[in-house]
Amino acid sequence: MKLGVLSGKGGTGKTSLAAAAARCLPNVTLVDCDVDAANLHLLFDVDVNSRGTFSGSQEAVRDEALCVSCGRCREVCRFHAVNEQFVIDPYLCEGCGACVTACHADAITLRSRATGDWYTGHSACGPLAGAELLPGEEASGKLVTVVKQKGDELAEASGSTHVVLDGAPGIGCPVIASLNDVEALILVTEPTVSGLHDLERILGVARHFRIRSYLVLNKADLSPPLAEGIASFAAREGLLLLGEIPYDPLVPRLMVRGASPVDDATSPAGLAMRGIFERLATEEGL
Amino acid sequence: MRIAVASGKGGTGKTTVATALAIVLSERYRVTLLDCDVEEPNAHLFLRPEIDHREPVSKLLPVIDEAMCTHCGACAEACQFHALAVLRDHVLRYDALCHGCGRCALVCPVGAIHEQPHELGTVETGTARGFPFGHGRLNVGEAMATPLVHALQAALPETEITILDAPPGTGCPTIATMRCADVALLVTEPTPFGLHDLKAAAGVAEVLNLPAKVVLNRDGIGDDAVERYCDEHPLSIVMRIPFDRQVAALYADGIPPVDALPDLRLAFRDLGRQLVEEGAG
């Protein structure tokens, strides 16, 4: 199956849980779809066997020698990328080419630009694909689509039964790009007012795209009243709570050493994660 | 002066830092807080603003007059986002892919395309604790966050200090937030994830020519790699917030930690003073 791990709010534990999925479920290919802040590869040593650069966006480039300063480009640009001197700001330009059409002097052309780098490889947790956006680059949604494709190819070649996607925070472009063909989602949240607020919105996205979803509550003991509030929200919404992970100061310490909580018998968080994937396997008949 | 609070990694404490700075700086200056994380806005949960104005934000979607359309394919060829597909007797439009640039209408040789607004979300403005507050809310199922960030930044008059609470990541909405700032405060934590994403956020600040300073949150939970990186880069760590379950519990309940912890409030006053003095100098 193809399983996505999302949260709405950032920093709730998506990446740690996705990595744990690869330890707890059989034959998993991991795909890091958070190309803005790709972190999955930091958890293990990755033996990279293929990499490449993806040029997913374009930018308009003006030839000053040909420009007659008529201003048509500035008039048609909806992204305020052309200033009073008709200089095009590459960070505002969306590469749509409206200025190219509008220019009567053929002074503007579209040039493709590198968006980010992708890789596929193997780790102690199995096959892994990921990508990283270059600093200041846009088109993260397109890069997510590319890395998912690489992940699918890798899963096929490695004979994986499951693909687990570590998603981006938020509900916008990179998140929506990661949802295509996902069969089920784990939504990870924490018992904070932001955690609940953001869960409601990401659940809205999951429902909008009709993807069945499960809930995991991380750092559950941080605020018992809010944890209860989130559990009753889940019950009202028919969202199955797969399990609660207690706050565990061992988690960052293990991460620094490159170890996984699920392999540490003394980690309460690790124990809880194992329980969560056992429950998921039962629910999904894996 | 515009201060962007950004991070790369999510959940490092951007909203805690942005709201704390707005609270302490509003004691002495005219401050506006803009929560630019339009996908998951959270600052209002802590500041509880009274919203008095709501403005929908739209993109323009093409509408094809099939009676006039000759199905020549010029629009689909011109569209860089693959949002149009021209079939023999029909044009398909993929709304989520459309950026609303209007190029299809520009190239149509028979004028068969006009545009009509499609709502992406709402910009809401009001007052929180006596200072102007604004945030945006992207509609669920919409992909394009950037137009809301731009609309939000134009929604309120400029005050002495504007605090911009940035979305996580380094993509378009983060760039749209940071590019109009004078200084970036990068909030991170001492873990491998925190370090990796700090580098990405510092990279964005660098390409935007924005001076960057670091706030090290949850100091003590991991290792010293962030400090070593900041030393070498060099990036100055202007504040350290030790890990404290009390801070986490206050945050959980939607209480700005500076309201309950006098020492933390003093530390934010120092940070605010330092930023304003350096900004003025």
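Everything numeric in this text was worked out from a predicted model, so none of it was measured.

**Considerations on the overall build of chain A**
So, point 1. In terms of regular secondary structure, chain A is built from nine helices and eleven strands.
So, point 2. Dimensions of chain A along its principal axes, counting C-alpha atoms only, are 70 × 45 × 35 Å.
So, point 3. Burial status across chain A gives 60% buried among its 286 residues.
So, point 4. Per element, the accessible surface of chain A, about 11,200 Å² overall, is 49% carbon and sulfur.

**Quick word on the overall build of chain B**
So, point 1. A tally of helices and strands in chain B yields eleven helices and eleven strands.
So, point 2. Counting only C-alpha atoms, chain B reaches 70 × 45 × 35 Å along its principal axes.
So, point 3. Each of the 281 residues in chain B was classed as buried or not, and the buried ones make up 58%.
So, point 4. Counting contacts in chain B only where the partners sit at least 6 residues apart, residues at least 24 apart contribute 73% of the total.

**Describing the sheet that holds strand E9 (residues 183–188) of chain B**
Residues and elements named next belong to chain B.
So, point 1. The mixed open sheet is built from nine strands, whose spatial order is E3-E6-E7-E2-E8-E1-E9-E10-E11. In the strand order of this sheet, the two ends are held by strand E3 (50–64) and strand E11 (236–242), each with one partner. For this sheet, the mean angle separating the axes of adjacent strands, direction not counted, is 20 degrees.

**Here's the deal with the environment of B:Tyr229**
All names here are of chain B.
So, point 1. Within the secondary structure, Tyr229 sits in helix H8 (residues 225–232).
So, point 2. Sequence separation of Tyr229 and Phe131 is 98 residues, and the distance between their C-alpha atoms is 37 Å.
So, point 3. Setting aside anything within four residues of it in sequence, one finds Tyr229 in contact with Leu195, Leu198, Lys199, Ala202 and Leu235.

**Points about the nonpolar core**
So, point 1. A:Leu185, A:Leu187, A:Leu199, A:Ile202, B:Met178 and B:Leu186 are the most contacted members of the largest nonpolar core, which has 78 residues in total.
So, point 2. Setting aside anything within four residues of it in sequence, one finds A:Leu187 in contact with A:Leu6, A:Leu199, A:Ile202, A:Leu203, A:Ser213, A:Tyr214, A:Leu215 and A:Val216.
So, point 3. Membership of the second largest hydrophobic core comes to 36 residues, among which are A:Leu25, A:Val251, A:Ala269 and A:Ile276.

**Section: the interface of chain B and chain A**
So, point 1. Counting from both sides, the interface comprises 61 residues of chain B and, opposite them, 64 residues of chain A.
So, point 2. It is B:Glu40, B:Val140 and B:Phe193 that lose the most area in chain B upon contact with chain A, and together they represent 14% of the buried surface on that side.
So, point 3. Taken together, chain B and chain A are joined by three salt bridges.
So, point 4. Two residues, B:Glu115 and A:Arg78, come together in a salt bridge whose shortest N-O distance is 2.8 Å.
So, point 5. Across the contact surface, chain B and chain A share 33 residue pairs in polar contact (both at pLDDT 80 or more).

**Quick notes on the layout of surface pockets**
Using a probe with the size of a water molecule, rolled over the atoms, empty space left in the structure can be pinpointed.
So, point 1. Taken as a whole, the second largest pocket holds about 400 Å³ of empty space.
So, point 2. Sorting the residues of the lining of the second largest pocket by element identifies E3, helix H5 (146–153) and helix H6 (172–178) of chain B as the ones contributing at least two each.

**Some thoughts on the confidence of the model for chain B**
So, point 1. Looking at chain B, the pLDDT average stands at 95 and 99% of residues meet or exceed 70.
So, point 2. Reported confidence for the predicted complex is 0.92 by ipTM and 0.94 by pTM.

**With respect to the state of the cysteines**
So, point 1. Tallied over the entire structure, the rule returns zero disulfides over all chains.
So, point 2. You can see A:Cys73 has no disulfide; the closest cysteine sulfur is in A:Cys70, sitting 6.3 Å from it.
So, point 3. The buried category is assigned to A:Cys73, whose relative accessible area is 8%.
So, point 4. A disulfide-free cysteine, B:Cys98 has its sulfur positioned 6.5 Å from the sulfur of B:Cys104, the nearest such atom.

The rules behind the values
Residues numbered from 1 in each chain as written. Chains lettered and ligands numbered in written order. Predicted model: local features only at pLDDT ≥ 70, side-chain atom pairs only at ≥ 80, totals over all residues. Heavy atoms only, no water. Helix = DSSP H or I, 4+ residues; strand = E, 2+ residues; numbered from the N terminus. Buried < 20%, exposed > 50% of the residue type's maximum accessible area, 1.4 Å probe, protein only. Areas by Shrake-Rupley, 256 points an atom, 1.4 Å probe, with all protein chains shown as cover. Contact = heavy atoms within 4.5 Å. Pairing = 2+ DSSP bridges. Axes fitted to C-alpha atoms, helices over the stretch in contact; angles between N-to-C directions. Core = buried A, V, L, I, M, F, W, Y, C linked by side-chain atoms within 4.5 Å. Buried area = accessible area lost by both parts, 1.4 Å probe. Salt bridge = Lys/Arg side-chain N within 4 Å of Asp/Glu carboxyl O. Polar contact = N/O pair within 3.5 Å; in protein donor to acceptor, adjacent residues only side chain to side chain. 1 Å grid on protein atoms, 1.4 Å probe; cavity = no way out; pocket = protein on both sides within 12 Å on 5 of 7 lines; lining within 4 Å. Points joined across faces, edges and corners; volume = space filled by probe spheres on them. pLDDT = per-residue confidence, 0-100. Disulfide = S-S within 2.5 Å.

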